[in-house]
Protein chains: 2
Amino acid sequence: MSDSDAMTKRRRGGGRAGHATRRGTAAIEQMPWRLPVNHDRPTEPLTPEGVERMHNATMRILEEIGIEFLNPEAVEILRKAGCTVNGENVRMGRDMVMEYVGMAPASFTITPRNPDRTITIGDRHILFGNVSSPPNYYDMEVGTKVSGTREMCRNLLKLTQYFNCIHFAGGYPVEPVDLHASTRHLDVLFDKLTLTDKVMHAYSLGPERVEDVMEMVRIAGGLTHDEFDAKPHMYTNINSTSPLKHDWPMLDGWMRMARRGQGLVVTPFTLAGAMAPVTMAGAVAQSLAEGLCAIVLAQIIKPGVPCVIGTFTSNVDMKSGAPAFGTPEYMRATQMTGQMARYYGLPMRSSGVCAANVPDGQAMWETEHSLWAAIQSGTHMVYHAAGWLEGGLVASPEKFIMDCEVLQQLQRYMEPEIWDTSDDALALDTIAEVGPNGHFFGTQHTQDRYTKAFYQPFLSDWKNFEAWESAGAVWTPERAHMLYKRILDDFEDPPMDAAIREELSDFVERRRSEGGAPTDF
Amino acid sequence: MSDSDAMTKRRRGGGRAGHATRRGTAAIEQMPWRLPVNHDRPTEPLTPEGVERMHNATMRILEEIGIEFLNPEAVEILRKAGCTVNGENVRMGRDMVMEYVGMAPASFTITPRNPDRTITIGDRHILFGNVSSPPNYYDMEVGTKVSGTREMCRNLLKLTQYFNCIHFAGGYPVEPVDLHASTRHLDVLFDKLTLTDKVMHAYSLGPERVEDVMEMVRIAGGLTHDEFDAKPHMYTNINSTSPLKHDWPMLDGWMRMARRGQGLVVTPFTLAGAMAPVTMAGAVAQSLAEGLCAIVLAQIIKPGVPCVIGTFTSNVDMKSGAPAFGTPEYMRATQMTGQMARYYGLPMRSSGVCAANVPDGQAMWETEHSLWAAIQSGTHMVYHAAGWLEGGLVASPEKFIMDCEVLQQLQRYMEPEIWDTSDDALALDTIAEVGPNGHFFGTQHTQDRYTKAFYQPFLSDWKNFEAWESAGAVWTPERAHMLYKRILDDFEDPPMDAAIREELSDFVERRRSEGGAPTDF
């Protein structure tokens, strides 16, 4: 074994072993890392005819109305491939759309610096990521909404790493506005790559940022450029500027990542009644059109590059114009999008979202509605699944921890052993043995199974009222806050080879000295 | 028209008209009364083979192990019908079970004193009832758990009447322990029948109580005895004493109500790991066996009498033995029971439940899990859908109001207009009209629809953080408390003819003077 082989082995293997050892002494007992499989048949409000009508409307938007691509390079690529171009307006026929969309794989993997954290997008998996991009922060100690800082961002990244039910890192869990915009991406990516070993995301906010992040992910993985390009090691998510527009930096990042074969997620933000029709079917059709044309662009650039169709179709409060989340209309829009994602053979992204300002009952019922919509729609990637408040304007560690309790329960919900009907599970002998006057606590059947029979929460309090009261009568967000502190105290960085850490650090300093990225976006 | 005809007409018609008029000036804007239709295809964890295995296990419990019927009259009826009787143990063959269960209707109506509040149990309807039977009460003003009183019970009954999303009255929303047990049923039924005009429930806790309640419901409806017997005007719910037992008073009430053709709900309380096997399939099979044998008894007594199979299969916390609710295991048990209820052609009851002690985030995620299990299982009657805390030991008005906000959202979720794909809904012309640089607020398409396009909450706060904070930074349970006070201030009894009210009152006084009911149950 050469020295460099040994180093690679240590990098990859040592980390995992160390990691596995630590878990036993963690602040809480949590479920192990796994990629949950969503067994439930999707909820499908649209009839087959409704699916065809939705498809036809989506195609007519692309054929007759067109989408503005505010990026000359993208327009030229689309023109050459056969689209009808009129200034920035691009129209494309349904045959072309279906041909290119058909090149995108139904599932794919993304391999982060720790290969044990590789995720599969598709194949009935449902995976969860942290809240992304709120400019503000709230916690129970601060007690109000404040601007995000690097420290807050680092703390939320530690939660992202800590919880096994979080499968990928989204965008910045809170925007660290105390860092200068020109070099913020360098500092946060350094934090992300050293504090977590999970799949990374890059914002498509200018060529320098995208290139810097790809380079840092490559360095962190100990990869050559060829190794990086050989398969997805990260992903980006772009949003259209609804209605009917893709802007320059998003398209630029999209094309850069496509060329290097990385994961591509497009998520139109179509609020019905504001940036999309007030009727949900119209809002979904518009969202699909905006998403599919970006996927066509990616497939022209690199046939077979993995693409995910996202949905963020919700509705506004028609009294105030404020966006609302986890609404009945949001749920049905997500389910309809799921039907269409299957129609197009694409993996799908949705979100865990709420309009509530604090981690209370409203926050949880709204978030539950969005998470059930994700399950019901057959969503593969759930963005913002932990920590989101105020329609995405606030990140909260207590909400993060409350959400992770729910995510663990949903993950357990998907384990087929619960609905096992083997003779052992039907337990007729035990029912006969206990008879009408006994109980099941003491039976061998129970004794053999009780430690693993049921989900054990880490945050839910199942004590009776009196025991709960004498333990301090602590409500859920306060309990979450205490856990947050325990987890931070307990946190250890995932292992990283010292040489790689130094190379990353050197890269950040070099790029900082070069001035970072332009800040005109 | 005779005088008595006119009085009948006034009783029934006047009430409805008066009621309709009041709604416009209510404390909150709520959705109208309706019987929601659950369009979602059920979630079915069991394969067809799994269904057959579950059925076979259920039948073998009835055939080989048997159920104890602690009521000689019931045993004699079952013996005569062909069951194998051994003391109190009754066994019955699957052919007999399937024959009698097949006589129960797949759907039926219950007509309360206000015929506009008639409900249909079955036919894909999902209906919600108030929390039933907690001995204790909690509200944000009291701040701790206290024993229930008549006043608390009356206040919760007012919420039951007030909210259009509550379709039927369950048992006492809190047990008024300040009322003597011998006459408590008379006082509470007087309160229930005067404060609400919705479908009534009777506890099967002794012949006198059951007969008194049937008589009071008959009087309140202005019905002759024959009219009362002609169709269901009320219902009872009995619980088996798991494992494998039905006790005397439950069976007595069950048989009395069966003879008079009223609604019958049987709900075994099978906590996996305590009163049932630790494995969910075993717990469900035992629950089904305990339920089906009661339905056989009812069908022998009165073929075709409406019966509902209930489920209350959850799990215990294996660390403490405490019951847990809204767990992943609870959800799957409810879904499996739904599959079996369809197999047997029976309407189904489940619940809205949680283990949480206060109306916080945990309360809502646990309740959401149980409500989604109800939807996914094809449940027709959702007991305890509003106001339940601490595993059913506490009733809370704030939780009641928070739950009603969720129930309204679920009711809206079921309205097919959300997933309409007509040309109007797809809105291609509007998408073309707005183009890439406009917004949809001002279009005619939006203007024509915006007042009714989206669900409007009465409790959720969709303001941004700053507006929410300057309005007092009020968390959800405190907002619910304020609404509770407003609703009580605003509440008016539903109309009742003075002569009927007097007759009811006279009945209560006569029965009180006779000593009420024995209190040995």
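This structure is a prediction, so every number in the text was calculated from the model and none was measured.

*Asks:* Is there a simple way to think about the relation of the copies chain A and chain B in this case?
*Replies:* Relating the two copies of this chain is a rotation about some axis coupled with a shift parallel to it. Relative to chain B, chain A is turned by 180 degrees and slid 0.0 Å along the rotation axis, the superposed coordinates differing by an RMSD of 0.0 Å. One copy is carried onto the other by what is essentially a two-fold rotation axis. Identified as the residue of chain A closest to the rotation axis by C-alpha distance is G361 of chain A, at 2.1 Å. Comparing interface residues between copies, 100% of those in chain A also sit at the interface in chain B, which points to an isologous, same-surface contact.

*Asks:* Can you help me understand helix α3 (residues 72-80) of chain B in this one?
*Replies:* Owing to its 3.6 residues per turn, the α-helix brings residues three or four apart onto one side. Residue and element names in this part refer to chain B. Every buried residue belonging to α3 is among A74, V75, I77 and L78, and all of these are buried. Axial view of α3: buried residues confined to an arc of 160 degrees, hence all on one face. Of the residues in α3, the exposed ones pointing more than 90 degrees away from the buried face are P72 and K80. Against β1 (67-69), β2 (84-86), β3 (89-91), α9 (248-259) and α10 (280-301) lie the buried residues of α3.

*Asks:* Looking at this structure, I do not really get the sheet that holds strand β8 (residues 146-147) of chain B. What am I missing?
*Replies:* Backbone hydrogen bonds hold the strands of a sheet together, and the pairing may be parallel or antiparallel. All names here are of chain B. The sheet built from four strands is open, its strands ordered β8-β7-β20-β19 with mixed pairing. The two strands at the open ends of the sheet, each matched to only one other strand, are β8 and β19 (388-389). Looking at chain direction, β19 and strand β20 (residues 394-395) are connected through two bridges and run antiparallel. Within β20, the residue paired with L389 across the bridge is V394.

*Asks:* Help me understand the side chain of D197 of chain B in this model?
*Replies:* All names here are of chain B. Note that D197 resides in the loop between α6 (184-195) and β9 (200-202). The class of D197 is buried, set by a relative accessible area of 2%. Side-chain polar atoms of D197 contact the side chain of R117, separated by 3.1 Å.

*Asks:* Got a minute to help me understand the nonpolar core in this structure?
*Replies:* Soluble globular proteins tend to pack their nonpolar side chains together in the buried interior. Membership of the largest hydrophobic core comes to 324 residues, with the highest contact counts inside it found for F163 of chain A together with F163 of chain B. The residues contacting F163 of chain A, other than those within four sequence positions of it, are I28, Q30, K198, F400, I401, C404, F458 and I487 of chain A.

*Asks:* Help me understand the pairing of strand β14 (residues 307-310) of chain B in this model?
*Replies:* Regular strands place side chains that alternate from one sheet face to the opposite one. Residue and element names in this part refer to chain B. Alternating positions in β14 separate into two faces, C307 and I309 on one and V308 and G310 on the other, with burial throughout. Direction of pairing for strand β12 (residues 263-266) relative to β14: parallel, over a ladder of three bridges. By the bridge assignment, V266 is partnered in β14 with I309. For β14 and strand β17 (residues 348-351), the ladder comprises two bridges, and the chain directions are parallel. Bridging from a neighbouring strand, G310 pairs with R349 of β17.

*Asks:* I keep staring at the interface of chain A and chain B and nothing clicks. Help me out?
*Replies:* Interfaces are often described in size by the accessible area the parts lose on coming together. Taken residue by residue, the interface counts 119 residues in chain A and 119 residues in chain B. Together, W365, F454 and W462 of chain A form the three largest contributors to the area buried by chain A at its contact with chain B, with a combined 9%. Put simply, chain A and chain B have ten salt bridges between them. Among the ionic pairs, D423 of chain B bridges to R53 of chain A, the shortest N-O distance being 2.6 Å. Between chain A and chain B we count 48 residue pairs in polar contact (both at pLDDT 80 or more) in total. For the side of chain A that touches chain B, the leading source of residues is helix α12 (residues 361-377) of chain A, giving nine residues. A class-by-class count of the residues in the side of chain A that touches chain B yields 60 nonpolar, 31 polar and 28 charged.

*Asks:* Explanation requested: the sheet that holds strand β13 (residues 271-272) of chain B in the structure shown.
*Replies:* If you trace the three strands from one edge of the open sheet to the other, you get β13-β15-β16 (chain B), paired in mixed fashion. Looking at the sheet topology across the chains shown, the edges are occupied by β13 and β16 (323-324) of chain B.

*Asks:* So what exactly am I meant to see when it comes to the pattern of salt bridges here?
*Replies:* Two side chains of opposite charge can pair, provided their charged atoms sit close to one another. Throughout the structure, instances matching the rule amount to 62 salt bridges over all chains. We note a salt bridge from R218 of chain A to E215 of chain A, for which the minimum N-O separation is 2.7 Å. Here R218 of chain A and its partner E215 of chain A are both found in helix α7 (residues 207-220), three residues apart, which amounts to about one turn of the helix. Taken individually, R218 of chain A and E215 of chain A each receive the classification buried, so the pair is uniform in this respect. Between R412 of chain B and E329 of chain A there is a salt bridge, and its shortest N-O distance comes to 2.7 Å. Here E329 of chain A lies in helix α11 (residues 328-344) and R412 of chain B lies in helix α13 (residues 397-413), a pairing that spans two chains. Both residues of the pair, R412 of chain B and E329 of chain A, belong to the buried class.

*Asks:* Mind showing me how you'd approach the environment of N114 of chain A here?
*Replies:* Its place among the elements puts N114 of chain A in the loop between β4 (108-110) and β5 (119-121). Along the backbone, N114 of chain A and K198 of chain A are 84 residues apart, and their C-alpha atoms lie at a distance of 6.9 Å.

*Asks:* Help me out: how do you make sense of the side chain of H125 of chain A in this one?
*Replies:* Residues and elements named next belong to chain A. Counting through the fold element by element, H125 comes out in the loop between β5 and β6 (127-130). By relative accessible area, which is 14% here, H125 ends up buried. Contacts of H125, omitting those with residues within four sequence positions, involve L35, P36, V37, T120, T379 and H380.

*Asks:* It is not clear to me how helix α5 (residues 150-162) of chain A should be interpreted in this structure. Could you clarify?
*Replies:* Compared with the 18 Å implied by 1.5 Å per residue over 13 residues, the 18 Å span of α5 of chain A between its first and last C-alpha is a close match. Within α5 of chain A, ten of the 13 residues are buried, which leaves it mostly tucked inside the rest of the structure.

*Asks:* Just to check I follow, could you spell out the environment of A453 of chain A for this structure?
*Replies:* Note on placement: A453 of chain A falls in helix α17 (residues 450-453). Using a relative accessible area of 15% as the deciding quantity, one classes A453 of chain A as buried. Taking C-alpha positions, A453 of chain A is 18 Å from P36 of chain A, a pair spaced 417 residues apart along the chain. Contact partners of A453 of chain A, with chain neighbours within four places excluded, come to R412 of chain A together with V278 and E329 of chain B.

Cut-offs applied
Think of each chain on its own: its residues are numbered from 1, step by step along the sequence as written. Think of it this way: whatever chain is written first is A, whatever ligand is written first is 1, and the rest follow in order. Under the rules for a predicted model, residues below a pLDDT of 70 receive no local features and side-chain atom pairs below 80 are neither given nor counted, while totals for whole chains, interfaces and linings still include all residues. Hydrogens and water are ignored here; the side-chain numbers use all heavy atoms of the structure. Fitting of the copies onto one another was done by least squares over C-alpha atoms, counting residues only where both copies have pLDDT of at least 70. Contacts are assigned to residue pairs with any non-hydrogen atoms lying within 4.5 Å of each other. Note on classification: 1.4 Å probe, protein chains only; a residue is buried when its accessible area is under 20% of the maximum for its type, exposed when over 50%, partly exposed between these limits. Helix numbers and strand numbers start at the N terminus; a helix is a DSSP run of H or I with at least 4 residues, a strand a run of E with at least 2. What the arc measures is the spread of directions leading from the helix axis to the C-beta atoms. Paired strands, in this sense, are two strands between which DSSP finds at least two bridges. Counting of polar contacts relies on pairs of N or O atoms within 3.5 Å, with two restrictions inside protein: one atom must be capable of donating a hydrogen and the other of accepting it, and residues adjacent in sequence are counted only when both atoms are side-chain atoms. Here, nonpolar core refers to any group of buried Ala, Val, Leu, Ile, Met, Phe, Trp, Tyr and Cys residues whose side-chain atoms link them within 4.5 Å. Note on terms: buried area is the combined drop in 1.4 Å-probe accessible area of two parts once they are placed together, counting the loss on both. In the sections that follow, a salt bridge refers to a side-chain nitrogen of Lys or Arg positioned within 4 Å of a carboxyl oxygen of Asp or Glu. Following the grouping adopted for this structure description, the nonpolar residues are Ala, Val, Leu, Ile, Met, Phe, Trp, Tyr, Cys and Pro, the charged ones are Asp, Glu, Lys and Arg, and the polar ones are all others, Gly among them. Helix span, expected: 1.5 Å multiplied by one less than the number of residues in the helix.

That's the geometry; what it means functionally is another story.
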